[in-house]
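# Chain and residue survey
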Amino acid sequence: MKFSDFICPEAIRANLSAEDKRGVIEELVEALVEAGQVRAEDKASICEAIMKREEYGSTGIGRGIAVPHTKHPSVQKLVGTVGVSADGVDFDSLDGEKVRLFFLLVSPPDRPGDHLRALENISRQVRDETFCRFLRQCKTVEEIQQLLEEADNNQFVS
Amino acid sequence: MAERTAIREVVVVDPHGLHLRAAHQLTARASRFASRIELINGAVRADAKSILSVMTLGAGLGTKLILRAEGDDAEEAVEAVARWFSDGFPEEDQLAEDSPSNTPPVSPPEGHSAS
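Anyway, here's the lowdown on the structure attached to this text.

About the thresholds
- Residues numbered from 1 in each chain as written.
- Chains lettered and ligands numbered in written order.
- Predicted model: local features only at pLDDT ≥ 70, side-chain atom pairs only at ≥ 80, totals over all residues.
- Helix = DSSP H or I, 4+ residues; strand = E, 2+ residues; numbered from the N terminus.
- Buried ≥ 20, exposed ≤ 12 C-beta atoms within 10 Å, placed from the backbone.
- Contact = placed C-beta atoms within 7 Å.
- Nonpolar A, V, L, I, M, F, W, Y, C, P; charged D, E, K, R; others polar.
- Core = buried A, V, L, I, M, F, W, Y, C linked by C-beta atoms within 7 Å.
- Pairing = 2+ DSSP bridges.

Turning next to the overall build of chain B. When helices and strands are counted, chain B shows three helices and four strands. Shown N-terminal to C-terminal, the secondary structure of chain B runs as helices and strands in the order β-α-β-β-α-β-α. Counting the 115 residues in chain B, one finds 34% classified as buried. Across chain B, every contact between residues at least 6 apart in sequence was considered, and the portion connecting residues at least 24 apart equals 68%.

All names here are of chain A. At arginine 63, a position not held by glycine, the phi torsion is positive, near 60°. Under the C-beta neighbour-count criterion, arginine 63 is labelled partly exposed, with 17 such atoms within 10 Å. You will see that aspartate 92, though not glycine, has its phi angle at about 55°, which is positive. Along the polypeptide, aspartate 92 turns up in the loop between strand 4 (79–89) and strand 5 (99–107). The class of aspartate 92 is partly exposed, set by 14 C-beta atoms lying within 10 Å.

Let us look at the interface of chain A and chain B. Contacts between the two partners involve 17 residues from chain A and, on the opposite side, 13 residues from chain B. Put simply, the parts of the chain that give the side of chain A that touches chain B at least two residues each are strand 1 (60–62) and helix 3 (112–126) of chain A. Within the side of chain A that touches chain B, the residues separate by chemical class into eight nonpolar, five polar and four charged.

The biggest cluster of nonpolar side chains holds 74 residues, and the ones touching the most others in it are Phe102 of chain A together with Val54 of chain B. Ignoring anything within four residues of it in the chain, the contact list for phenylalanine 102 of chain A reads Val24, Leu28, Ala66, Pro68, Val82 and Gly83 of chain A.

What follows deals with the pairing of strand 4 (residues 64–70) of chain B. All names here are of chain B. One ladder, built from seven bridges, connects strand 1 (residues 5–11) with strand 4; its direction is antiparallel. Bridging across to strand 4, threonine 5 finds its partner in glutamate 70. Bridge analysis of strand 2 (residues 36–41) against strand 4 gives five bridges, and the strand direction is antiparallel. Across the sheet, leucine 39 pairs through a bridge with leucine 67, a residue of strand 4.

So this is what it looks like as structure tokens:
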């Protein structure tokens, strides 16, 4: 699976303004609403579900990266977005580091395979420090879109 | 002196596959052992002590993985990790006997409804 299979380009956010965990999640889910990927009336429910998931253990997997996610019956296919925070957000990460790179996923309850393949793709890409450094440096949505496209074309992972 | 090596095949029996939370549990378990522990899915080899590495396996329900440990406690490591797979990724608090000193704090829900 590639970024282009699940990341909605219109929902990407280059300069997250939120300063805490809930704020970032709401900002990214709102981005999915504005991009037409989830319905506005489902936003609160999706945010709650993602926060609930965080209670079981932070999805801040270290190295300044978090993958907040949930299953939600309101989506018909896996939808995701990417957000970059310039200052970083305290996300209760496994390594205690602030998170600057967010990959938020909402998947249909009956498609665990797609969710795993998205996580597999994200993990594979973010293991490359060059990719992460470039992503942190992105100042605009267009730069992020281009970087994800390059990653999809195997520019970072051999 | 040659290092001890242990190898076993494990199967993902959780319907959700080796998801992120399970991967975290796995790394916590694997990290208790000194041995180098790997999981292999075809051409993909993952360090069982690294959550990012484990997630690159993309292991869904029914996926067969090679579990391989190298080191003085290789057999114990493979035994523990293989059991965790066959038990369907039990969470830490379901295996209290594994770590009697580890009693996670249980705070009662405060019944807040954040808007």
